[in-house]
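Chains, contacts and geometry: an overview
What follows is the residue order along each chain.
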Amino acid sequence: MNYESHIEAVLHYINMQILYDWSLEPDGAFNESIGIDVLSKIACLSKRNFQLVFKSLMKESPRQYINRVRLEYGLQLLKEKRYTQKEIAERTGWTNDTAFYNAFKKRYWQSPAKYKLDKFASDVVPDKIDCSLFELTERPIIFLIYQGCYTDCASECFEERSWELLHEYALSNDLLPEQEEYWGISYDDREITVDEKCRFYAGLTVHHLPKLKVSDKIKAMYLPAARYAVYEHKGSYDELDSFYDAILQQLPEGYQLGEDLVLERYLNSVTDTPEPDLLTEVLLPVVKVGSNRL
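The structure contained in this document is the topic of the report that follows. (Residues numbered from 1 in each chain as written. Predicted model: local features only at pLDDT ≥ 70, side-chain atom pairs only at ≥ 80, totals over all residues. Heavy atoms only, no water.)

Considering unusual backbone geometry
You will see that Cys44, though not glycine, has its phi angle at about 60 degrees, which is positive. One can find Cys44 in the loop between helix H3 (36–43) and helix H4 (47–58). Phi is positive for Lys59, which is not a glycine, with a value near 60 degrees. Counting through the fold element by element, Lys59 comes out in the loop between H4 and helix H5 (62–80). A residue is classified by how much of its surface remains accessible, and Lys59, at 62% relative accessible area, is exposed. (Helix = DSSP H or I, 4+ residues; strand = E, 2+ residues; numbered from the N terminus. Buried < 20%, exposed > 50% of the residue type's maximum accessible area, 1.4 Å probe, protein only.)

Overview of the nonpolar core
Counting residues in each nonpolar core, the largest one holds 34 residues, and the members touching the most others are Phe200 and Ile247. Elements with a contribution of two residues or more to this core: strand S2 (139–147), helix H10 (163–172), strand S4 (199–205), strand S6 (226–234), helix H11 (240–247), strand S7 (255–257) and strand S9 (279–288). When residues of this core are assigned to their parent elements, the largest contribution, 5 residues, is made by H11. Look past the residues within four positions of Phe200 in its chain and what remains in contact with it is Leu144, Ile145, Tyr146, Tyr150, Cys153, Phe158, Trp163, Gly184, Ile185, Ser186 and Tyr266. Counting 33 residues, the second-largest nonpolar core is a separate cluster that includes Leu11, Ile66, Leu77 and Ala89. (Core = buried A, V, L, I, M, F, W, Y, C linked by side-chain atoms within 4.5 Å. Contact = heavy atoms within 4.5 Å.)

Let's talk about the side chain of Thr205
Turning to its location among the elements, Thr205 is positioned in strand S4. Note on Thr205: relative accessible area 7%, which makes it buried. Of the polar contacts made by the side chain of Thr205, one reaches the side chain of Glu181; its length is 2.9 Å. Here the side chain of Thr205 touches Trp183 through a polar contact of 2.8 Å, side chain to side chain. With residues near it in sequence (within four places) discarded, Thr205 still touches Arg139, Pro140, Ile141, Pro177, Glu181 and Trp183. (Polar contact = N/O pair within 3.5 Å; in protein donor to acceptor, adjacent residues only side chain to side chain.)

Next up, the structure:
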């Protein structure tokens, strides 16, 4: 039996735990939430089989995977310059900033402060890019989980085994809304995470969440209601990395980056659109400066 879908259910759960703000939770709450008992139960596998299958599919043990992804998310927060090292440690569930510091230095061979100075220093001022504010209402989506180089998502082959597959499922199960919306969720920064480890969800808005089993390849979730700054990118998906670097430096006046998901909404498709004419909306979550909702 192929247990890939079982492990993908666990990966989605881990992704949500990594993004959660643990700063107000008791010490040890994060570790409890991602214990082997919890993860194997989500996968509907014994603890032994879960660990064996996870390692076989991901080429990392559950603990190695979680620690790597958590440190890489901490690095993203470090790059965004919103939080101190202590605040990042608290938000990402480390028992204290010393534990975060030691784990970081063990992996990257230097302190977080030194890494930030060496890796993310930049004096380049990008050209002005227009944006609009948008209140996203809660949306049910079905999605497929992908791990690998983001540039692979620009191919017709990828469309056939992702959004087209989702469309066929939604159509056959009477889930398609009046207006179709195709989404992408990129969890990783290619300046931080190696290409083959980058996490991506290909999603499609539906009328309601379908009842799915852990063995189903297709997964379902809600995009939470949030305020977004929306930027339109025209051109190849390969250019999105530099586009992100530019728009993250020019959020709307009076706003700062929020903690909700960064989203991409695709307004046309590589299957019938020349690369220079591809249109992608990039949605950055924003909150007013000084807001308690970070």
